[in-house]
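Structural overview
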Amino acid sequence: MNDTATYTKKGEPFERDMSYLPDRVLAGDRSADPLDDEFPSGSKDSPRDVPVWKAEPGRYRLVAARACPWAHRSIIVRKLLGLEDVISWGAPGPTHDARSWTFDLDEGGRDPVLGIERLQEAYFAREPGYPRGITVPAIVEVESGKVVTNDFPQITHDLSFEWREHQRSDAPDLWPADLREEMEAVMKRVFTEVNNGVYRCGFAGSQEAYEDAYDRLFTALDWLEERLADRRYLMGDAITEADVRLFTTLVRFDAVYHGHFKCNRNKLTEMPHLWGYARDLFQTPGFADEVDFDQIKKHYYVVHTDINPTQIVPVGPDESGWHTPHGRG
């Protein structure tokens, strides 16, 4: 079996497969978010009629690699909300093959709670021969060893709304109701043009597709640079889910996307408001302590062999700038 994954299709633009296991972990029979039907937060605007699992402390394990930006969101949100003792965390290593993420950071190469070597085992426990990608983040039921959901935008939404009884007393409100409509629009543009936009550049299969993705990405970054000129965070004076979602792309930008994905009109450090904003978040408890630049670089430069066949991991850039004063509040 060839375990080498490929990410580009010659002559074609990159299209992300957004089909995930849609089950939800809820506090009750239906979502605790009063705006859930108006603003579906899952990866697809799918019907809300999906299998429901009960939110119970100790029942689930969040499997999420620090290296992956989509998983990184869930790690940060879990930390910001103070759910560390409620939902355990399993951390796969930064590299994987075509089959699965592996637990090579753990003693004996096995997750100490689930007892598995590959996340694939939890997917197969849920659905033998699971045919789609073995992705992180994934919520796994500890007792059965089955994946409950891997719907990454729904996971962070539900961590905020469905686990409120178990959050720390001073946990931030990452989904303020009075800003919800605007925030949903901002998050949609950030996802399509920035979070996924860097991948459309990096995995483009033609010059035309790359240049289109490049133009769209930097149009959106210029919009964000302007937006952050007169406000501390994307939605104003407080951190929201929108900031978490943007941060995981920005923190990877100069280390990976600028060179590896050819997003090289300029570096993040050359956009004053975005760079100050990114440092502001980085220096906020719950963000920097969950960033591992070595794992981030190893993931991209080693795994994407069709882009970087030598698998050489760059030494730079200098990370010390992340700790310099940001001057934003």
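The shown structure was predicted, so the numbers you read here are calculated from the model rather than taken from an experiment.

What to know about the nonpolar core
The nonpolar side chains of a soluble globular protein tend to be buried with one another. The biggest cluster of nonpolar side chains holds 98 residues, and the ones touching the most others in it are Leu 119 and Leu 274. Looking at this core element by element, the count peaks at 10 residues for helix 7 (residues 241-257). If we ignore the near neighbours within four places in the chain, the residues touching Leu 274 are Leu 221, Leu 224, Glu 225, Leu 228, Leu 246, Leu 250 and Leu 268.

A few points about the sheet that holds strand 4 (residues 88-90)
The strand order across the open sheet formed by 4 strands is 4-3-5-6, and the pairing between neighbours is mixed. At either margin of the open sheet sits one strand with a lone partner, and together these are strand 4 and strand 6 (147-149). The sheet shows a mean angle of 40 degrees between the axes of neighbouring strands, direction not considered. Judged from the 3 bridges that link them, strand 3 (residues 60-63) and strand 4 form a sheet pairing that is parallel. Counted as the bridge partner of Arg 61 is Ser 88 from strand 4.

Observations concerning helix 7
Along helix 7, the largest kink reaches about 30 degrees and is centred on Val 251. Within helix 7, 17 of the 17 residues are buried, which leaves the element mostly enclosed by the surrounding structure.

Observations regarding the state of the cysteines
Covalently bonding the sulfur atom of one cysteine to the sulfur atom of another cysteine gives a disulfide. Under the criterion given, the structure shown has 0 disulfides. Unpaired in terms of disulfides, Cys 68 finds its nearest cysteine sulfur in Cys 263, a separation of 16 Å.

Regarding the UniProt feature "domain: GST C-terminal" (unreviewed entry) in the protein chain
As recorded in UniProt, the sites labelled "domain: GST C-terminal" (unreviewed entry) are residues 162-300. Along residues 162-300 one finds 57% helix and 0% strand; the C-alpha atoms at either end are 33 Å apart.

Some details on the packing of aromatic side chains
For the structure on display, the rule yields 27 aromatic pairs. Taking 5.8 Å as the distance between ring centres and 65 degrees as the angle between the ring planes, the aromatic pair formed by Trp 70 and Phe 191 counts as edge-to-face. With Trp 70 in helix 1 (residues 69-81) and Phe 191 in helix 4 (residues 180-195), the pair connects residues that are 121 residues apart, well separated along the chain. With respect to class, Trp 70 is no different from Phe 191; both count as buried. Relative to Tyr 257, the ring of Phe 253 lies with its centre 6.5 Å away and its plane at 75 degrees, an arrangement referred to as edge-to-face. Pair noted here: Phe 253 and Tyr 257 are both in helix 7, with a separation of 4 residues, about one helical turn.

What about unusual backbone geometry?
In this structure, the amide linkage connecting Val 136 to the following residue, Pro 137, adopts the cis form with an omega of 5 degrees. Of the consecutive residues Gly 316 and Pro 317, the connecting peptide bond is found in the cis state with omega at 0 degrees. Relative to the assigned elements, Pro 317 resides in the segment after helix 9 (293-303). One non-glycine residue, Lys 262, lies in positive phi territory at about 60 degrees. For Lys 262, a relative accessible area of 41% translates into the label partly exposed. With a phi close to 60 degrees, Gln 311 is a non-glycine residue in the positive phi region. Positionally, Gln 311 belongs in the segment after helix 9. When its relative accessible area of 36% is taken as the criterion, Gln 311 is described as partly exposed.

Topic: the side chain of Asp 36
Position of Asp 36 among the secondary structure elements: in the loop between strand 1 (24-26) and strand 2 (52-54). Here Arg 24 takes part through its side chain, which lies 2.9 Å from a polar atom of the side chain of Asp 36. For Asp 36, the side chain forms a polar contact with the side chain of Ser 31, separated by 3.5 Å.

About the criteria used
- Residues numbered from 1 in each chain as written.
- Predicted model: local features only at pLDDT ≥ 70, side-chain atom pairs only at ≥ 80, totals over all residues.
- Heavy atoms only, no water.
- Core = buried A, V, L, I, M, F, W, Y, C linked by side-chain atoms within 4.5 Å.
- Buried < 20%, exposed > 50% of the residue type's maximum accessible area, 1.4 Å probe, protein only.
- Helix = DSSP H or I, 4+ residues; strand = E, 2+ residues; numbered from the N terminus.
- Contact = heavy atoms within 4.5 Å.
- Pairing = 2+ DSSP bridges.
- Axes fitted to C-alpha atoms, helices over the stretch in contact; angles between N-to-C directions.
- Bend = angle between axes of the 7 residues up to and from the residue.
- Disulfide = S-S within 2.5 Å.
- UniProt positions renumbered as here; feature names shortened; annotations may be inferred.
- Phe/Tyr/Trp six-rings, centres within 6.5 Å; stacked < 30°, edge-to-face > 60°.
- Polar contact = N/O pair within 3.5 Å; in protein donor to acceptor, adjacent residues only side chain to side chain.

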